[in-house]
Amino acid sequence: MVHRLEREGLIALDERKEVHLTKTGKRHADSIVRRHRLAERFLVEVLGFEWWKTHEEAERLEHAMSAEMEQRIQNVLGDPQTCPHGNPMPGVTGRPTKPLERVLPGATATIERIPDQFEHEPGFLEYLDSQGLRPGVELAVVDLRHGEPIRVRVDGAERTIRADCGQKVWVRA
Ligand SMILES: [Zn+2]
Ligand SMILES: [Zn+2]
């Protein structure tokens with residue numbers, strides 16, 4: 001695998017045999033990420049998929065998408081800046097965010113994104129949705145102690161959510 005990617009000029013090995021992306025490799029990686037995020041948007045906005053269901057579907061679609069299809073989807077969707085989980089398209093500078101656990105009790109915050117690595121976690125996005133938590137939703141932190149379930153107020157109702165939401169839900173204050 002490494003040798004194939006090296007032959008195609010996508011990666012290079014340095015003198016310590018560590019792998020680096022070349023400029024071409026970086027472009028290639030960016031393009032896959034862009035296709036993935038566009039596919040997720042397409043699934044939500046055109047096909048009516050629930051936001052928490054799109055990641056797996058998009059993993060299949062991203063490999064089937066030509067450059068022309070990528071461009072057309074981007075146009076149809078009006079050049080979206082993020083995926084439905086709030087993660088910016090490559091080249092787009094996202095707004096400053098921090099993990100929920102860094103919000104002080106009593107403060108309010110808006111959910112901005114669920115970082116990429118947590119999109120994969122089976123059941124996690126669906127869990128958030130079941131608690132009324134998704135990008136764009138405003139919440140108030142009622143009580144937050146490290147490693148313990150977190151009490152928040154969402155849409156006028158108080159809820160206790162899983163402790164791991166503290167690291168996996170990113171907000172802007
Ligand atoms: Zn995804
Ligand atoms: Zn996403």
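Residues numbered from 1 in each chain as written. Chains lettered and ligands numbered in written order. Predicted model: local features only at pLDDT ≥ 70, side-chain atom pairs only at ≥ 80, totals over all residues.

**Some thoughts on the domain arrangement of the protein**
Reasoning step 1: The domain architecture assigned to the protein consists of domain 1 (2–76) and domain 2 (98–172).
Reasoning step 2: Computed over C-alpha atoms, the centres of domain 1 and domain 2 are 28 Å apart. (Domains from an automatic or database assignment.)

**Here we look at the packing of helix H2 (residues 23–45) against helix H3 (residues 54–64)**
Reasoning step 1: Two elements in contact, H2 and H3, have axes whose closest approach is 8 Å; the angle formed by their N-to-C orientations is 125°. One way to sum up the angle between H2 and H3 is to call them oblique. The two elements H2 and H3 meet at a crossing, and its hand is right-handed. Where H2 abuts H3, its residues Ile-32, Arg-35, His-36, Ala-39, Glu-40, Leu-43 and Val-44 lie against Thr-54, His-55, Glu-57, Ala-58, Glu-59, Leu-61 and Glu-62.
Reasoning step 2: Residue classes in the contact of H2 with H3 are distributed as six nonpolar, three polar and five charged. (Axes fitted to C-alpha atoms, helices over the stretch in contact; angles between N-to-C directions. Helix = DSSP H or I, 4+ residues; strand = E, 2+ residues; numbered from the N terminus. Parallel < 35°, antiparallel > 145°, perpendicular 65-115°, else oblique. Left-handed = near helix turned anticlockwise from the far one by under 90°. Contact = placed C-beta atoms within 7 Å. Nonpolar A, V, L, I, M, F, W, Y, C, P; charged D, E, K, R; others polar.)

**A closer look at the environment of Thr-108**
Reasoning step 1: One can find Thr-108 in strand S4 (residues 108–113).
Reasoning step 2: Thr-108 sits 44 residues away from Val-152 along the chain, and the two C-alpha atoms are 9.3 Å apart.
Reasoning step 3: Excluding residues within four positions of it along the chain, Thr-108 makes contact with Glu-138, Leu-139 and Ala-140.

**A word on unusual backbone geometry**
Reasoning step 1: Residue Lys-17 is not a glycine yet carries a positive backbone phi of 65°.
Reasoning step 2: Phi is positive for Asp-155, close to 55°, though the residue is something other than glycine.
Reasoning step 3: Classification of Asp-155 as exposed rests on a count of 9 C-beta atoms within 10 Å. (Buried ≥ 20, exposed ≤ 12 C-beta atoms within 10 Å, placed from the backbone.)

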